[in-house]
Amino acid sequence: MNEYDSNKMKDLLSKEMGFIDTDTKEEADILIVNTCSIREKAQEKVFSLLGKWRKLKIKNPDLVIGVAGCVASQESNEISSRAPYVDMVIGPQTIHRLPSLYKKSLDSKKTIVDVEFPLIEKFDNLPSTSESKFSEFVTIMEGCSKYCSYCVVPYTRGTEVSRPVKDIIQEINNLVKNGTKEIVLLGQNVNAYSYEDEKGNFINFGLLLFYISRNKDIKRIRYTTSHPNNFDDQTYLAYKKIPQLVSHLHLPVQSGSDKILAAMKRGYTVLEYKSVIRKLKEARPDITFSSDFIIGFPGETEEDFLKTIELIKEIDYDQSYSFIYSKRPGTPAASLSDNISMKVKKDRLSFLQETINTLSKNKSKNILGKQVEVLVEGTSSKYSNMVLGRTKNNKVINIPGSKDMIGKILKIEITELNNKSLKGELLVN
Ligand code: SAH
Ligand code: SF4
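Read on for an overview of the structure. (Residues numbered from 1 in each chain as written. Chains lettered and ligands numbered in written order. Predicted model: local features only at pLDDT ≥ 70, side-chain atom pairs only at ≥ 80, totals over all residues. Heavy atoms only, no water.)

What to know about the overall build of the chain
Piece 1. Looking only at helices and strands, the chain has 14 helices and 19 strands in total.
Piece 2. The C-alpha atoms of the chain give 23 Å as radius of gyration, which agrees with the globular expectation for 429 residues (22 Å, within 12%).
Piece 3. Counting every position in the chain, which comprises 429 residues, the buried fraction comes to 52%.
Piece 4. The long-range fraction of contacts in the chain, counting pairs at least 24 apart against all pairs at least 6 apart in sequence, stands at 70%. (Helix = DSSP H or I, 4+ residues; strand = E, 2+ residues; numbered from the N terminus. Rg over C-alpha atoms; globule rule 2.2 N^0.38 Å. Buried < 20%, exposed > 50% of the residue type's maximum accessible area, 1.4 Å probe, protein only. Contact = heavy atoms within 4.5 Å.)

Right, here's the structure in full:
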């Protein structure tokens, strides 16, 4: 979501405000940092970065400095008092107001702050991309109303708000007309999508997938992030009926222990999570999964942790975003006593990551020699004369080839596994 917001701010700066890109900060007339406050480290980094930018402003007093995103939304007062040389503080839902905030900041000596949540206004006021890439993010909803006990998102991004169906379809059709092949639907909880149209019909996430897939020029549909509690029959049906929907799903579980899931207020048990996975597999037998994990949540015993490892092996995840629990001020979990040593947390984290790496490697071994379809995403940064293609199961394959293959769907044979990376050869029909 932050990547999406950063790109949109870049579009506003270049298309509506006349700025041009520079690689050196010393040359810049405007510097904006887009921030995330999901874990503590990111927040600390913002203030240290601002300290460095302050020196640039001393040399160039006309430099305009902005802080955007969730740290801006959470710490607006702290920023204006600790770093008064910051000109603009822009919340995640007001990035579209960048041009007017910029104008106001030029006329004012004080920090201009706009961290409101004006519902869906943001999307109606952002420029559309003129040169589409082969893969594009499309935000379908924002915010979260789940209030997990450890998480700041509902407070920094606001509660769940869904975009109108026709706006989403129009944005997608425009992108596809300009050459986009893959659409990645974006939101904090995409499958909590719910929109009432003019006729009073409710459109849920599953139905939205069916509407989007009617455009047959879309070759692949992905989405992130979904929540286990918002899967329904319509979405399972989508996995049966929509071939463009990829066979890989990022479905965060956070922990494999019911006790910890309850303390996290995730709203499901391990069994209920596994039931979602079972139904998805029934609908799409070759589907694979990745997940988010929080390690060292207050009260997590060795036994709880081993339950997470057991679940990981059972589901056979091939990737994870796993992090040590970070206490976020203002969240209910912040009052729980943190009784686990940092050494234990770090050991658990690396054991979990090793376990998933081994599972992922085994899965890569299993596809050696197989013929698969890949969508070519770009050139390889590791090997010259190679491009990167992604299978429907999200495995990245290096293939001999050149730029003109980008955006094409090709049949290849997987020929080599080198440490973690896979290589393939193009099959000529
Ligand atoms: N809505 C999605 C995830 C969005 S936040 C879901 O609930 O599944 C992305 C990830 O950040 C979460 O899945 C969680 O693993 C991690 N995260 C959130 N708050 C955290 C915290 N306080 N400490 C550590 N990790 C956290
Ligand atoms: Fe945060 Fe995800 Fe829980 Fe929402 S569902 S509160 S975004 S972890």
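Considerations on the site of ligand 1
Piece 1. Around ligand 1, 15 residues are found, and the nearest of them are Gln188, Gln254, Arg266, Asp292 and Ser326.
Piece 2. For ligand 1, an oxygen atom lies 2.8 Å from a polar atom in the side chain of Arg266.
Piece 3. For ligand 1, an oxygen atom lies 2.5 Å from a polar atom in the side chain of Asp292.
Piece 4. Starting from 540 Å² of accessible surface for ligand 1 in isolation, the protein chains cover 89%.
Piece 5. Considered class by class, the residues forming the shell around ligand 1 number 6 nonpolar, 5 polar and 4 charged. (Near = heavy atom within 4 Å. Polar contact = N/O pair within 3.5 Å; in protein donor to acceptor, adjacent residues only side chain to side chain. Areas by Shrake-Rupley, 256 points an atom, 1.4 Å probe, with all protein chains shown as cover. Nonpolar A, V, L, I, M, F, W, Y, C, P; charged D, E, K, R; others polar.)

With respect to helix 14 (residues 342-367)
Piece 1. When the terminal C-alpha atoms of helix 14 are compared, their 38 Å separation across 26 residues agrees well with the 38 Å that a helix rising 1.5 Å per residue should span.
Piece 2. Residues of helix 14 that are buried in the fold lie against strand 13 (288-295), helix 13 (302-315), strand 14 (320-324), strand 18 (409-418) and strand 19 (421-426).
Piece 3. Residue Gly369 follows helix 14 closely and has a positive phi angle near 85°. (Expected span 1.5 Å × (residues − 1).)

Here we look at the packing of helix 13 against helix 14
Piece 1. Between helix 13 and helix 14, the shortest axis-to-axis distance is 10 Å and the interhelical angle comes to 15°. Comparing their axes, helix 14 and helix 13 come out roughly parallel. Judged by the twist between their axes, the crossing of helix 13 over helix 14 is right-handed. Together, Glu302, Phe305, Thr308, Ile309, Ile312 and Lys313 of helix 13 and Arg348, Phe351, Leu352, Thr355, Ile356 and Leu359 of helix 14 make up the contact between the two elements.
Piece 2. Partitioning the contact of helix 13 with helix 14 into residue classes produces 7 nonpolar, 2 polar and 3 charged. (Axes fitted to C-alpha atoms, helices over the stretch in contact; angles between N-to-C directions. Parallel < 35°, antiparallel > 145°, perpendicular 65-115°, else oblique. Left-handed = near helix turned anticlockwise from the far one by under 90°.)

So, the pairing of strand 14
Piece 1. Only one face of strand 14 is covered, namely the face carrying Ser320, Ser322 and Ile324; the face carrying Tyr321 and Phe323 is uncovered.
Piece 2. In this view, the connection linking strand 13 to its parallel neighbour strand 14 by way of helix 13 has right-handed handedness. (Right-handed = clockwise from strand over helix to strand, strands pointing away.)

As for the packing of aromatic side chains
Piece 1. Under the counting rule described, the total for this entry stands at 9 aromatic pairs.
Piece 2. An angle of 80° between the planes, with centres 6.2 Å apart, marks the rings of Tyr150 and Phe297 as edge-to-face. Here Tyr150 is found in the loop between strand 6 (141-142) and helix 7 (153-156), whereas its partner Phe297 is found in the loop between strand 13 and helix 13, with 147 residues between them in sequence.
Piece 3. The exposure class assigned to Phe297 is buried, which follows from its relative accessible area of 0%.
Piece 4. Between Phe297 and Tyr325, the aromatic rings sit 5.1 Å apart at their centres with planes inclined by 70°, giving edge-to-face as the arrangement. In this pair, Phe297 is assigned in the loop between strand 13 and helix 13 and Tyr325 in the loop between strand 14 and helix 14, connecting sequence segments 28 residues apart.
Piece 5. By way of ring pairs, the aromatic residues Tyr150, Phe297 and Tyr325 are connected into one cluster.
Piece 6. When the ring centre of Phe323 is taken as reference, the NZ or CZ atom of Arg39 above it lies at 3.3 Å.
Piece 7. Taking the ring centre of Phe47 as reference, the NZ or CZ of Arg82 above it sits at 3.8 Å. (Phe/Tyr/Trp six-rings, centres within 6.5 Å; stacked < 30°, edge-to-face > 60°. Lys NZ or Arg CZ within 6 Å of the ring centre and 35° of its normal.)

Remarks on the site of ligand 2
Piece 1. Around ligand 2, the neighbouring residues are Cys144, Lys146, Tyr147, Cys148, Tyr150, Cys151, Val153, Pro154, Asn189, His227 and Arg266.
Piece 2. Looking at the shell around ligand 2 residue by residue, the classes come out as 7 nonpolar, 2 polar and 2 charged.

Regarding the pairing of strand 15 (residues 371-379)
Piece 1. Direction of pairing for strand 15 relative to strand 18: antiparallel, over a ladder of 5 bridges. Paired with Leu375 across the bridge in strand 18 is Ile409.
Piece 2. Bridge count between strand 15 and strand 16 (residues 386-391): 5 bridges; the pairing is antiparallel. Across the sheet, the residue bridging to Leu375 is Arg390, located in strand 16.
Piece 3. Hairpin connection, strand 15 to strand 16: the antiparallel pair is bridged by 6 residues, and Asn385 has positive phi, about 60°. (Pairing = 2+ DSSP bridges.)

Some remarks on helix 12 (residues 270-283)
Piece 1. The first and last C-alpha atoms of helix 12 sit 20 Å apart over 14 residues, in line with the 20 Å expected at 1.5 Å per residue.
Piece 2. Close packing links the buried residues of helix 12 with helix 10 (233-241), strand 12 (248-250), helix 11 (258-264), strand 13 and helix 13.

Re the environment of Tyr383
Piece 1. Tracing the backbone through its elements, the reader meets Tyr383 in the loop between strand 15 and strand 16.
Piece 2. Considered as a pair, Tyr383 and Pro400 are 17 residues apart in the sequence and their alpha carbons are 9.0 Å apart.
Piece 3. Ignoring any residue separated from it by four or fewer positions in sequence, one finds Tyr383 in contact with Asn398, Asn418, Ser421 and Lys423.
Piece 4. Only 3.5 Å separates the side chain of Tyr383 from the side chain of Ser421, close enough to count as a polar contact.

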